[in-house]
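Below, each chain spelled out in residue letters.
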Amino acid sequence: MSAPSVVRAAGSTGTGVTVGPSPSSSPTPSSAASVSVSLPATDWAALVVEAADVTTTVLERAADADWSRRPDGSDWTARATLDHLALGVLGYAGLLTARPTDRYITLFGSLDPAAPIPHCLEGLRIATELLAATVRSAPPEARAWHPWGHSDGPGFAAMGIVELLVHGWDLAGAFHLDRQPADRLAAPAVARLFPEAPPGHGGTDTLLWCTGRTALPDLPRRPVGEWRWDGRVR
């Protein structure tokens, strides 16, 4: 995956990015903007693995569906989106391993195009475990290039969480699957990557707004393509 593909994963309507439930489903008026990002690397690693588990558990229910369909607003098929997601998560592990200062890595990973969907979901879990292991082992001072800010282990874990929740939610919508709030996973990622996030909303609702996909009750939808996260260490 090239660097522009990483950006597009989270920032383009071409990928059908959407996250979380509708704003009305937030259980509390909380927390996403006020959650502490001072979690140890082991906690960030556990969160990204849980995000993969949540995403793949939902998508397994669509294993026999037609994955040539396109999520709303996307120019990719569901199958291509899943492949892109695995490639992106693995790419974050590669960046944190190689720690380049000015470029994307030369390692590209993808899912077997002939593999059945359950095997592809296994591949996504493998990619996530590799990212989690890299986050756990990286020293606190480790930094690696990303077009939206040189980042550390927790930052790349947060990117993985956003990718998994974003694309997982969008794919679940394409297959008309029930989508549950993931505030406990979304809120730390929002706090780490979106310092401008407004207070007073649940994690998934805030992530929806931050990525320009949905309005909040007191804020209009952000223009698509005019937002980005900030991976820099603060």
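Everything below is about the structure printed above this text.
Summary of the structure given here. (Residues numbered from 1 in each chain as written. Predicted model: local features only at pLDDT ≥ 70, side-chain atom pairs only at ≥ 80, totals over all residues. Heavy atoms only, no water.)

## Things to note about helix 2 (residues 41-59)
Working step 1: Here helix 2 spans 27 Å end to end across 19 residues, near enough to the 27 Å set by a 1.5 Å rise per residue.
Working step 2: Of the surrounding secondary structure, the elements contacted by the buried residues of helix 2 are helix 3 (78-98), helix 4 (117-137), helix 5 (153-174) and helix 6 (183-193). (Helix = DSSP H or I, 4+ residues; strand = E, 2+ residues; numbered from the N terminus. Expected span 1.5 Å × (residues − 1). Contact = heavy atoms within 4.5 Å.)

## Topic: the packing of aromatic side chains
Working step 1: Using the criterion set out here, one finds five aromatic pairs in the structure.
Working step 2: For the ring pair Y92 and F156, a centre distance of 5.9 Å and an interplane angle of 45° mean the geometry is tilted. Taken as a pair, Y92 in helix 3 and F156 in helix 5 lie far apart in primary sequence, 64 residues in all.
Working step 3: Residue F156 is classed as buried on the basis of its relative accessible area of 0%.
Working step 4: Pairing W148 with W227 gives two aromatic rings, centres 5.6 Å apart and planes at 65°, and the pair type is edge-to-face. Separated by 79 residues along the polypeptide, W148 in the loop between helix 4 and helix 5 and W227 in the segment after helix 7 (203-210) bring together distant segments of the chain.
Working step 5: In this structure W227 comes out as buried when scored by relative accessible area, which is 4%.
Working step 6: Put simply, the rings of W148, F194, W227 and W229 pair up and form one aromatic cluster. (Phe/Tyr/Trp six-rings, centres within 6.5 Å; stacked < 30°, edge-to-face > 60°. Buried < 20%, exposed > 50% of the residue type's maximum accessible area, 1.4 Å probe, protein only.)

## A closer look at the pattern of salt bridges
A pair can form between side chains of opposite charge whenever their charged atoms are brought close.
Working step 1: Counted according to the given criterion, the structure contains six salt bridges.
Working step 2: Close ionic contact of R184 with E50 constitutes a salt bridge, the shortest N to O distance being 2.1 Å. Of the two residues, R184 sits in helix 6 while E50 sits in helix 2, which places them 134 residues apart along the sequence.
Working step 3: Ionic pairing is found between E196 and R222, a salt bridge with its closest N-O pair at 3.0 Å. In this pair, E196 is assigned in the loop between helix 6 and helix 7 and R222 in the segment after helix 7, connecting sequence segments 26 residues apart. (Salt bridge = Lys/Arg side-chain N within 4 Å of Asp/Glu carboxyl O.)

## A short note on the nonpolar core
Soluble globular proteins tend to pack their nonpolar side chains together in the buried interior.
Working step 1: Counting 64 residues, the largest nonpolar core has W67, L82 and F194 as its most contacted members.
Working step 2: For this core, the secondary structure elements donating two or more residues are helix 2, helix 3, helix 4, helix 5, helix 6 and helix 7.
Working step 3: Excluding anything up to four places from it in sequence, L82 contacts L59, W67, L111, I117, C120, L121, L124 and L171. (Core = buried A, V, L, I, M, F, W, Y, C linked by side-chain atoms within 4.5 Å.)

## Here's the deal with the packing of helix 2 against helix 4
Working step 1: Two numbers describe how helix 2 lies on helix 4: the axes approach to 8 Å, and their chain directions differ by 175°. When the axes of helix 2 and helix 4 are compared, the pair comes out roughly antiparallel. Contacts between helix 2 and helix 4 pair A41, T42, W44, A45, V48, V49, A52, D53, T56 and L59 from the former with L121, L124, R125, T128, E129, L131, A132, V135 and R136 from the latter.
Working step 2: Each residue belonging to the contact of helix 2 with helix 4 can be placed in one class, and the counts come to twelve nonpolar, three polar and four charged. (Axes fitted to C-alpha atoms, helices over the stretch in contact; angles between N-to-C directions. Parallel < 35°, antiparallel > 145°, perpendicular 65-115°, else oblique. Nonpolar A, V, L, I, M, F, W, Y, C, P; charged D, E, K, R; others polar.)

From the geometry alone we can't say anything about function, so treat these as descriptive.
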